[in-house]
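For reference, the chains in residue letters:
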Amino acid sequence: MIDRRAWRMRKLLDGDQPAAHWPAGIGVRTLNTPADAKAVHALLLRAYDGDEDIFPSAEDWWARFSGDPEFDRDLCLLAFDTEGQLAGVALCWTSAFVKDLAVRADMRRQGLGEALLLHVFSVFRARGAAHVDLKVELDNEPGLRLYRRCGMVHVPWEG
Ligand SMILES: CC(C)(COP(=O)(O)OP(=O)(O)OC[C@H]1O[C@@H](n2cnc3c(N)ncnc32)[C@H](O)[C@@H]1OP(=O)(O)O)[C@@H](O)C(=O)NCCC(=O)NCCS
């Protein structure tokens, strides 16, 4: 069903792409441990503020997420602050779709969201993808501004 309150946005991975520029002290790696999964769940719960379809239980959320045929641990990109706490996350499906992008509230407006998104683009470019897509609610102004700034454009929902 077509969702009229949300856009599908797309970044074409043609031409040169700017490299991710990480805020000072931020380190990035993929999801490795059960503790990582718990931290991601906690960050998403807070970031989406109950608006998203995310299970309240970390175990249920992880079972559904990691059991999806489009799940790939290497496409779960985690950014950590200088104290080793999770600061932001980008979770992607193998179809080159950004399932979740979120930055911890106190870490926003420092360029971390942009760096995570640019990193996602480079990961999929290295995999040979032609484009990266995501869904954004039309009332998510910070999200829309970020995506436009990173060169994403509105495309129709398929089907
Ligand atoms: C959307 C979201 C991921 C953006 O993350 P972020 O880390 O704040 O993103 P950035 O820092 O790259 O950009 C945000 C703003 O900070 C500004 N900024 C970036 N670096 C800055 C710096 N060093 N100093 C001051 N401002 C800065 C950017 O220009 C941008 O400004 P704008 O919104 O006026 O255009 C974050 O708001 C979030 O997690 N929201 C809740 C979850 C969500 O909605 N996710 C998207 C679902 S589609």
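Summarised in this report is the structure supplied together with it. (Residues numbered from 1 in each chain as written. Predicted model: local features only at pLDDT ≥ 70, side-chain atom pairs only at ≥ 80, totals over all residues.)

### What to know about the site of the ligand
Stage number 1. What surrounds the ligand is a group of 17 residues, the closest being Arg-108, Arg-109, Gly-111, Gly-113 and Glu-114.
Stage number 2. Only strand S5 (97-103), helix H3 (112-126) and helix H4 (141-149) provide two or more residues apiece to the shell around the ligand.
Stage number 3. It is H4 that provides the largest number of residues to the shell around the ligand, a total of four residues.
Stage number 4. The class makeup of the residues in the shell around the ligand is eight nonpolar, five polar and four charged. (Near = placed C-beta within 6 Å. Helix = DSSP H or I, 4+ residues; strand = E, 2+ residues; numbered from the N terminus. Nonpolar A, V, L, I, M, F, W, Y, C, P; charged D, E, K, R; others polar.)

### Quick word on the sheet that holds strand S6 (residues 131-137)
Stage number 1. Reading across the sheet, the seven strands line up as S2-S3-S4-S5-S6-S1-S7 and stay open at both edges, with mixed pairing between neighbours. Either end of the sheet is taken by a strand with one partner, and the two such strands are strand S2 (27-30) and strand S7 (153-155). Strand-to-strand twist of the sheet, defined as the mean angle between neighbouring strand axes without regard to direction, takes the value 30°.
Stage number 2. The sheet contact formed by S5 and S6 spans two bridges and is parallel. Within the sheet, the bridge partner assigned to Phe-97 lies in S6 and is Asp-133.
Stage number 3. Across the sheet, helix H1 (residues 34-48) lies against strand S3 (76-80), strand S4 (86-93) and S5, angled at about 95° from S4, the strand it touches most.
Stage number 4. H3 rests against strand S1 (6-12), S2, S3, S4, S5 and S6 of the sheet, and its axis sits at about 35° to S4. (Pairing = 2+ DSSP bridges. Axes fitted to C-alpha atoms, helices over the stretch in contact; angles between N-to-C directions. Contact = placed C-beta atoms within 7 Å.)

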